[in-house]
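An overview of the molecular structure
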Amino acid sequence: MKKLGIILSGLMVVFYSCNSSEDIGPDLTDDLLEITTHAENDLNISIYAPEKLFVGYNEITVEIKDTDGHPVSGEISVVPMMDMTTMSHSCPLEADQNTFSAGIYNFNAVFVMPSGEMGSWSIDFTINGMEISVPVEVIAPERSRLVSFISTMDEETKYFVTLIGPKDPAVGKNDLEIAVFETQSMMLWPAVTTLEFEVEPWMVSMDHGSPNNVAPGHTEEGHYKGTVNFTMTGDWQIRLTMTENGEICGTPYFDLYFQ
Amino acid sequence: MKSFLIFGVLIWSIQLCFGQTGQERYEAWLDSMTNDQYIGIQMELDDVIITDSAHRAHLGDPKMLMNMRSTDQLMHSLPGVNMVRRGNFANEPMLRGLTSERYVMSVDGMRMYGACTDKMDPASSYIEPINLRNLDVSFGSQGNMMGAGTGGAINFGLKKPVFNTTDPLRLTLAHNFSSVSRGFDQAMDVNYSRDKWAIRVSGVHRKASNYTDGNGEEVRYSQFEKMNYATSVNYRINDGAMLAFDFVGDDASDVGYPALPMDVAFAKAKMFGLSYLDDKLWILQEPEVKIYHNFINHQMDDTHRDSVAMHMDMPGNTHTTGGFVRGFLQQTRKSTIEIKADYHKTFWHAEMTMYPNESGQQPMFMLTWPDVHRSIAGVETAYSYSFNARHHLLNSARVEQVTSYISSDFGERQLSIFDKSGIKQRNNTLVNVSSRYSWDYNRNSSVSLSLAYGERVPTVSEQYGFYLFNQQDGYDYLGDPDLTKEKNLHLEVGQKITKPKLNIETAVFAYFFDDYIFGIYDPNLSQMTIGARGVKWYRNTGNARMFGGEFSMGNQLMSSLSGALSAKYVYGEDFEGKPLPQIPPLKISYSLNQSFQGWNVQPAVDWSMAQNRISEKFNERSTSSFFLANIGVSKGLNLGVGSMKIGLSVMNIFDVAYREHFDIGSILRPGRSLEVQLSWRSHKL
Ligand SMILES: [Cu+2]
Ligand SMILES: [Cu+2]
């Protein structure tokens, strides 16, 4: 009986603490990793992502609160910037909304370089008229998820191809998603929507592919979706052949590994 | 196909049945078991009773007296049987050109499935001749009381302990030496009996090095070692009823498979069976109720090979549990009705882990048998009827329900690549019916006509196998869960002459397959195995046909001299009218047996025709003709204590370099070998 009492009171503490947290919004750390928090101009800005920010396609959640911990709403704009001392540049960005509510704002950014000696990244916000720059760290993932190259067709266009999915690759059928951008200026990185692809997952160590893959086709905003199949666990390469108007403009590939 | 079925049902509806193969022997055994003064079955390596469903007793064939080293060698010279070699161990029996996919293999009625995706371990490899009491072989779709198949059945009957109150303890020791592989075998067999119970314990150890082929070349990776241990206990509950327990364990280790890219680290099998036998149980006469369990663990190994493209671990295992009830509903001079109801379920798992050579690359893994479950429930009946002393009809029918599925999510994901599913249960109902009419047209001679129809489910490899490399044609094979059953309409004509000094037996058969399961190349798929030529799917390919026959003649030339001639031939065509692969060419054997004063001399020759009808789909090459000569001498003698038998033989006297057409790879069979056999037993000859 005594034991039960202890367990019950324990449960109540849990319930109580759950309830109390509702005022300050959902706990984003349930699914996401807190990347950084930044306080400026009476705002607390926290940046969340599924994993550490990396070179490639990042889905970022921003939590904006006032100093009392209450969620804020309003207008927002965002620009990731890399400062490389002699110059600075942005990167491909998917941030369509210019308002946010309940303290939450989502956007996607394709970091094109890792932070390091070459330079450092920040995410520059304008929130309700206030400019706030949040420095962030961008790492190079163990297996590259972004390939950049100059088109072999016109030898001019610089493409950035990023692997979005499969997020959790496994043996069998996997949804393939990639996104393609080009760089037109330091600040202008538009999506490329006119490409065609062929895909071949390849196991380099055994020199074999896999059957029944579906080449990624354009869906929207430079995103291309298809299917890749893996016949076994291990190190695979997703090999892409990228064409525009029937001419090959590049053959990017991504390495991935799963058990 | 429908016409096949209707035809089959027609046969059955005549309501005339089939007398069974093991039947007489079985009765005799039961009789003997209830007799106190039963004189034991001789415990030697050379007394196995061999029968087939046409009641042709092939033993007594003096050829069997020599070179009885292994079950493989024993089966090798049977009519209609060939042994497919992958090395010097665990050959795969082939019945009239059909390999193990198509026939049913069992040990004392216990179904058992090899655990190797590369067919390195047919159930026969776990059986030693010293444990064999009888060997039943039936061909095609003829009723066999074992299971549904399109190619026949093999049942290894285990040797039982003997009740013998006057001589309660019997011991046999046997040794073999084979020069070609420097192979030494030891075997021991002990039988002990009391009033109510009898026990038999046996052990075999065999070890061989690499053998030498007919070119004098050492065949690397052809070594093997194994231990086999078995025990059987019979307990008499009363005059009529008996409990019988059998256990067989077999551990092979370091077995080389020169024809394959991998060897075997170990292959371990354990079998347990418990039977209840009685005079009468409810409506059954001479019933047997049996439950059994067996399991096999198999571990392939390539670490001893000089050069491998990639190291791999390939373990596999199977577990089977089952039981059956069989007995006679009726047994009169005019007719007998035997029935059997059986059930077993089996689990298969095989996997493959590949280790890349480059550092920094991670191991790779796939399931080659994705946790397959299959349960089979069948009822079978055989009915034999004699119109009069000369006209006999034998009929049998079997209906079998087969349920198959896989339980691995990983395996299901593998199948998702091909938009297939294995988790969904698949049910097949199999029907086997056969009818045989025989006419004793004079005192010494009879002819028979058989019509039979059989069906089989795809094997686990054919249904669920995932990139199984076949060394023979060089392709990776994919199973197809949606394969349908294969059918065989089987016609056979037999003739038999039995005179005091002359025996002639002839059988001519035709098989008409429908939905014949065969690997078909898919150019859209890329190979998985390094060096493979591509990928084949197992498919139902429509019609295939096989024709052939066996002939054997035994002849008493003089009072102490006899001759035996035998021939076997198979012709096969696939769905395109092209030759089927692995078809044995014509083979003719002749042996003489001269005996005097306890001595036995036996020269024998084998001639095999060339095989030029080759399957291009299967990447076959033609095989040339060869001629072999063997000679054996044996002598039995009584000693102060017990008796002894000495055998000396020279196999492949002319050191011919040869391979059989159906052998895997280009490995040659053993060259000249001197075989020495010594056996001693505790009782007189
Ligand atoms: Cu691989
Ligand atoms: Cu194996």
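Residues numbered from 1 in each chain as written. Chains lettered and ligands numbered in written order. Predicted model: local features only at pLDDT ≥ 70, side-chain atom pairs only at ≥ 80, totals over all residues. Heavy atoms only, no water.

Turning our attention to the overall build of chain B. Looking only at helices and strands, chain B features 5 helices and 34 strands. Considering chain B as a whole, with its 685 residues, one finds that 61% of them fall into the buried category. Considering only residue pairs separated by 6 or more positions, chain B has 67% of its internal contacts joining residues 24 or more positions apart. Here chain B displays about 25200 Å² of accessible surface, and carbon together with sulfur accounts for 59% of that area. (Helix = DSSP H or I, 4+ residues; strand = E, 2+ residues; numbered from the N terminus. Buried < 20%, exposed > 50% of the residue type's maximum accessible area, 1.4 Å probe, protein only. Contact = heavy atoms within 4.5 Å. Areas by Shrake-Rupley, 256 points an atom, 1.4 Å probe, with all protein chains shown as cover.)

Okay, the domain arrangement of chain A next. Residue and element names in this part refer to chain A. With domains assigned, chain A is organised as domain 1 (33–136) and domain 2 (146–258). Look at where the C-alpha atoms of domain 1 and domain 2 centre, and you get two points 27 Å apart. Taken together, the 16 residues of domain 1 in the interface contact 11 residues of domain 2. Inspection of the region where domain 1 meets domain 2 yields 1 salt bridge. Where lysine 167 meets glutamate 59, a salt bridge forms, and the shortest distance between an N and an O atom there is 3.3 Å. Those elements that provide at least two residues to the side of domain 1 that touches domain 2 are strand E3 (56–66), strand E4 (74–83), strand E5 (88–89) and strand E8 (104–111). Residue contributions to the side of domain 1 that touches domain 2 peak at 3 residues, all from E3. In terms of residue class, the side of domain 1 that touches domain 2 is built from 10 nonpolar, 4 polar and 2 charged. (Domains from an automatic or database assignment. Salt bridge = Lys/Arg side-chain N within 4 Å of Asp/Glu carboxyl O. Nonpolar A, V, L, I, M, F, W, Y, C, P; charged D, E, K, R; others polar.)

Bringing the coordination of the copper ion (ligand 2) into the picture now. All names here are of chain B. Surrounding the copper ion (ligand 2) are the protein donor atoms Cys116 (SG), Met120 (SD), His298 (NE2) and Met300 (SD), which sit 2.1 to 2.7 Å from the metal. Coordination at the copper ion (ligand 2) comes from 4 donor atoms whose angles at the metal span 90 to 128 degrees, giving a geometry best classed as tetrahedral. Each donor residue of the copper ion (ligand 2) belongs to the same chain, with the gaps between them written as C-x3-M-x177-H-x1-M. Taken as a pair, methionine 120 in the loop between strand E5 (110–111) and strand E6 (132–139) and histidine 298 in strand E15 (residues 284–301) lie far apart in primary sequence, 178 residues in all. For the residue pair methionine 120 and histidine 298, the accessibility class agrees, reading buried in each case. (Donors = N, O, S within 2.8 Å, 3.2 Å for Na, K, Ca; no water. Tetrahedral: all angles 85-135°; square planar, octahedral: opposite > 155°, others 65-115°.)

Across the sheet, which stays open at both edges, the 5 strands sit in the order E1-E2-E3-E8-E6 (chain A) with antiparallel pairing between neighbours. Looking at the sheet topology across the chains shown, the edges are occupied by strand E1 (33–40) and strand E6 (93–94) of chain A. (Pairing = 2+ DSSP bridges.)

Let us now look at the packing of aromatic side chains. All chains considered together, the criterion is met by 29 aromatic pairs over all chains. Ring centres 5.2 Å apart and planes at 50 degrees place the aromatic pair Phe230(A) and Trp236(A) in the tilted group. Each member of the pair, Phe230(A) as well as Trp236(A), carries the same accessibility label: buried. Each ring, one from Tyr385(B) and one from Phe387(B), has its centre 5.2 Å from the other, and the planes form 85 degrees; the classification is edge-to-face. Overall, the relative accessible area of 22% leaves Tyr385(B) in the partly exposed class. By way of ring pairs, the aromatic residues Phe509(B), Tyr511(B), Phe513(B), Tyr516(B) and Phe518(B) are connected into one cluster. A cation over an aromatic ring shows up here: Arg145(A) above the ring of Phe54(A), its NZ or CZ 4.0 Å from the ring centre. Looking at Lys268(B), its charged tip hangs above the ring of Phe266(B), at a distance of 4.9 Å from the centre. (Phe/Tyr/Trp six-rings, centres within 6.5 Å; stacked < 30°, edge-to-face > 60°. Lys NZ or Arg CZ within 6 Å of the ring centre and 35° of its normal.)

So, on to the pairing of strand E29 (residues 561–573) of chain B. Residues and elements named next belong to chain B. Here 13 bridges tie strand E28 (residues 544–558) to E29, and the two strands are oriented antiparallel to one another. From the neighbouring strand, methionine 546 faces E29, where its bridge partner is glycine 572. Counting the residues between successive antiparallel strands, the hairpin from E28 to E29 contains 2 residues. Relative to strand E30 (residues 587–596), E29 runs antiparallel, the two being bridged by 8 bridges. When the bridges of E30 are listed, serine 566 appears paired with serine 589.

Residues and elements named next belong to chain A. Taken together, the 5 strands give an open sheet; going across it, the order is E11-E12-E13-E16-E15, and neighbouring strands pair in antiparallel fashion. Looking at strand neighbours, the two that pair on one side only are strand E11 (146–150) and strand E15 (214–218), the edges of this open sheet. The mean angle between the axes of side-by-side strands here comes to 25 degrees, regardless of whether they run parallel or antiparallel. Across 8 bridges, strand E13 (residues 172–182) lies against strand E16 (residues 223–230) in antiparallel orientation. Residue pairing for E16: glycine 172 is matched across the bridge by phenylalanine 230. (Axes fitted to C-alpha atoms, helices over the stretch in contact; angles between N-to-C directions.)

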